[in-house]
Protein chains: 2
Amino acid sequence: MDRYGGVEAGGTKFVCMVGSGPEDISAEIRFPTTTPAETIGRAVDFFREQLRSGPIRGVGIGSFGPLDLDPASPAYGFITTTPKPGWADTDLIGPLRELLQAPVVIDTDVNTAALGEYLWGAAQGIQQFIYNTIGTGIGAGGIINGLPIHGMLHPETGHMRIPHDLEMDPFPGICPFHGDCFEGLASGVALRERWGVPAEQLPVEAPAWDLQAHYIALALVNQICMISPQRVVLGGGVMKRAGLFPLVRRKVQRFLNGYVDRDEVKSEIDRYIVPPVLGDRSGCLGAIGMAQHWAGDLGPGKQ
Amino acid sequence: MDRYGGVEAGGTKFVCMVGSGPEDISAEIRFPTTTPAETIGRAVDFFREQLRSGPIRGVGIGSFGPLDLDPASPAYGFITTTPKPGWADTDLIGPLRELLQAPVVIDTDVNTAALGEYLWGAAQGIQQFIYNTIGTGIGAGGIINGLPIHGMLHPETGHMRIPHDLEMDPFPGICPFHGDCFEGLASGVALRERWGVPAEQLPVEAPAWDLQAHYIALALVNQICMISPQRVVLGGGVMKRAGLFPLVRRKVQRFLNGYVDRDEVKSEIDRYIVPPVLGDRSGCLGAIGMAQHWAGDLGPGKQ
């Protein structure tokens, strides 16, 4: 099997792998995200070590953003305007390309995770689906018409505006740009700020989870109305909370109120709104899949 | 030039054309939407008459919905659950297919209008864009990754949920399913109900238009965050109001608040949020384009 590299470049940790798919990973490393020089240096060191066992045909990177994904831009593959200290204007692909002398391709962390679930996980072969991550921050990616969602930029779904009843929930939201956008109300950071304890310390029966499901369901309803996905995958740390999925599903049904007359959202919603199958590995495996796709070995668009 | 037929099947009027594009329409007819039998009968009569001048290679239909667009379904090409009296479970393509003995293809009115603008109008060759119509009702379609948006069903963008400040606007909304969804707050019907006069009778300087721009801008911000379109086309009767486009553009910029760092939404928004070029003809011309595309003569996906 040809070997490929995958990098999940997250705001708090990096994951690097070498292999060809979930059942064939020969090396894996995780380390915290510190400065760009140190962090990217560790990734380069990892792949340099792996080159001793044989060639690596290409590397895919799934990164936090915003990213420049325009192949015609001189800043292609750069993190652009992130508020994360030190990381603005960071070239993610240059150092790996120099080491490997092989194709290095990049997409958002959420589009890459979506690709992983599309190739090997909860959305295999589904041409229209959305992958949301509800964690420290909120983002979404997905596949539409068989390809990842790109456009003017890439999706920034966390910043969509949803109804916010200030009498029911006077919390103003924590987004520095928008206050009470989806991420401002429902990210892990927002949960901690609103309730004074980290999400994982909130009891399962706390009213926090009903409110949390309320906001997630509003966002999913907007995705369903706007894109009509054939499946919705919900990942990220916050979604690991026991009992949250059933709450979200019921509220999506209540908000749609029968208008979308499809079994997927009526009788079969347990199979429509689902967790990722690859868990925390979606992103890095999707990055490997992206590198394979680029090389013509695998993936959407290839017949 | 081969001749194709286009049908715009609207809730208040039907338009039928024969030709091959905006500069080559040899016949056109408009008539009110009454009962299915009478209305579809008039369309069949029109095309039967046109067959005297030569063959028609195929017909495209852009229709109000909800529609069954699943080619594997026995109800493919039917209007399904519409509240419009008499029109539920109406077969739109059967009678034309029987007459013409040629392919008859169908999509939503908004996807068809989007296709018209993509082929010959305000979004020529743009692989990711959204077409909204703000009229009696509200809908959206578009092109993503070079193809119309389909999925579980088709978009029902009018039913997305947006913030609604009841102190600023105590109007409860008119959507029978959701109350104050986007369509419930900002459709032509909602405007008339809220202000007591039809939209076209509201003075240009009325506060109604500021509120209207507010809701449209919130919906566009959600589309921009979720899909990142390269252009947004805004059609429909309500958008013909003088001064509404600049209000919407300014509010989109204010709501995004610099987060999406792109010239399109910063310095060049006049070219980013635009009216349709084909005006009221987008839908019917797009239907002709869809028929041509199906026959392999033209359109997205064909290389």
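Throughout, a residue's number is its position along its own chain's written sequence, starting from 1. For this description, chains carry letters from A and ligands carry numbers from 1, given in the order in which they are written. Residue-level local features of this predicted model are given only where pLDDT is at least 70; pairs of side-chain atoms are given and counted only at 80 or more, and the full residue set underlies all totals for whole chains, interfaces and linings. To get the side-chain values, all heavy atoms of the structure are used, and hydrogens and water are removed first.

> Explain the sheet that holds strand 12 (residues 273-274) of chain B to me, please; I cannot follow it from the model alone.
Through backbone hydrogen bonds, the strands of a sheet pair up, either in parallel or in antiparallel fashion. Residue and element names in this part refer to chain B. Two strands qualify as a pair provided that DSSP identifies no fewer than 2 bridges between them. Secondary structure is summarised from DSSP: a helix means a run of H or I of at least four residues, a strand means a run of E of at least two, and numbering begins at the N terminus for each. Reading across the sheet, the five strands line up as 10-9-8-11-12 and stay open at both edges, with mixed pairing between neighbours. One side of each edge strand has no neighbouring strand; the edge strands of this open sheet are strand 10 (147-148) and strand 12. As defined by bridge partners, strand 9 (residues 138-144) adjoins strand 10 across two bridges and the pair is classed as antiparallel. By the bridge assignment, Ile144 is partnered in strand 10 with Leu147. Contacts between residues were defined by any pair of non-hydrogen atoms, one from each residue, lying within 4.5 Å. Each axis is a line fitted through C-alpha atoms, taken for helices only over the stretch in contact, and angles between the N-to-C directions span 0 to 180 degrees. Helix 3 (residues 109-120) contacts strand 8 (129-134), strand 9 and strand 10 of the sheet and is inclined by roughly 50° relative to strand 9.

> Looking at this model, I keep getting lost on the pairing of strand 4 (residues 59-63) of chain B. Mind explaining?
Remember that side chains alternate between the two faces of the sheet whenever the strand is regular. All names here are of chain B. Note on exposure labels: buried denotes an accessible area under 20% of the residue type's maximum, exposed denotes more than 50%, and partly exposed covers the range between, all computed with a 1.4 Å probe on protein chains only. Of all five residues making up strand 4, five are buried, and the element is well covered by its neighbours. Side chains Val59, Ile61 and Ser63 of strand 4 all project onto a buried face; the interleaved residues Gly60 and Gly62 project onto the opposite face, where all are buried too. Both strand 1 (residues 4-9) and strand 4 contribute to a ladder of five bridges, which runs parallel. Considered in strand 4, the bridge of Ala9 is made with Ser63. Where strand 4 and strand 7 (residues 104-108) come together, five bridges link them in parallel fashion. Following the sheet pairing, Gly60 is matched in strand 7 by Val105.

> Would you mind showing me how to read the packing of helix 3 (residues 109-120) of chain A against helix 9 (residues 282-294) of chain A here?
The relative placement of two packed helices comes down to the angle between their axes together with the axis-to-axis distance. Residues and elements named next belong to chain A. One can describe the packing of helix 3 onto helix 9 by two numbers: an axis separation of 7 Å at closest approach and a directional angle of 80°. With respect to each other, helix 3 and helix 9 are oriented roughly perpendicular. Side by side, helix 3 and helix 9 meet where Thr112, Ala113, Leu115, Gly116, Glu117, Leu119 and Trp120 of the first sit next to Ser282, Gly283, Leu285, Gly286, Ala287, Gly289, Met290 and Gln292 of the second. Among the residues forming the contact of helix 3 with helix 9, the class breakdown is seven nonpolar, seven polar and one charged. Angle categories: roughly parallel below 35 degrees, roughly antiparallel above 145, roughly perpendicular from 65 to 115, and oblique for all the rest. Gly is put with the polar residues, along with every residue not named as nonpolar or charged; the nonpolar set is Ala, Val, Leu, Ile, Met, Phe, Trp, Tyr, Cys and Pro, and the charged set is Asp, Glu, Lys and Arg.

> Help me understand a negative patch on the surface in this model?
What goes into a patch is any residue over 30% in relative accessible area without a salt bridge, connected to like charges within 9 Å or, for nonpolar side chains (Val, Leu, Ile, Met, Phe, Trp, Tyr), within 5 Å. Computed with the Shrake-Rupley method and a 1.4 Å probe, the accessible areas treat only the protein chains shown as cover for residues. Between Lys or Arg on one side and Asp or Glu on the other, a salt bridge is scored when a side-chain nitrogen of the former is within 4 Å of a carboxyl oxygen of the latter. His is not counted here, nor are the chain ends, while Lys and Arg score as positive and Asp and Glu score as negative. Charged side chains are reduced to one point each, which is NZ for Lys, CZ for Arg, CG for Asp and CD for Glu. On the surface, Asp165(A), Glu167(A), Asp165(B) and Glu167(B) cluster together to form a negatively charged patch. Residue placement: Asp165(A) occurs in the loop between strand 10 (147-148) and helix 4 (182-186). By relative accessible area, which is 40% here, Asp165(A) ends up partly exposed.

> Teacher, can you tell me more about the interface of chain A and chain B here?
You'll often see interface size given as the accessible area lost when the parts meet. Across the contact, 44 residues belong to chain A and 44 residues belong to chain B. Here the buried area means the combined drop in accessible surface, using a 1.4 Å probe, for two parts upon being joined, counting both sides. With both sides pooled, the region where chain A packs onto chain B buries about 4100 Å², and carbon together with sulfur makes up 62% of that total. By the criterion of area lost to chain B, the three top residues of chain A are Met152(A), Met226(A) and Tyr259(A), representing 23% of everything that side buries. Applying the counting criterion to the chain A and chain B interface returns zero salt bridges.

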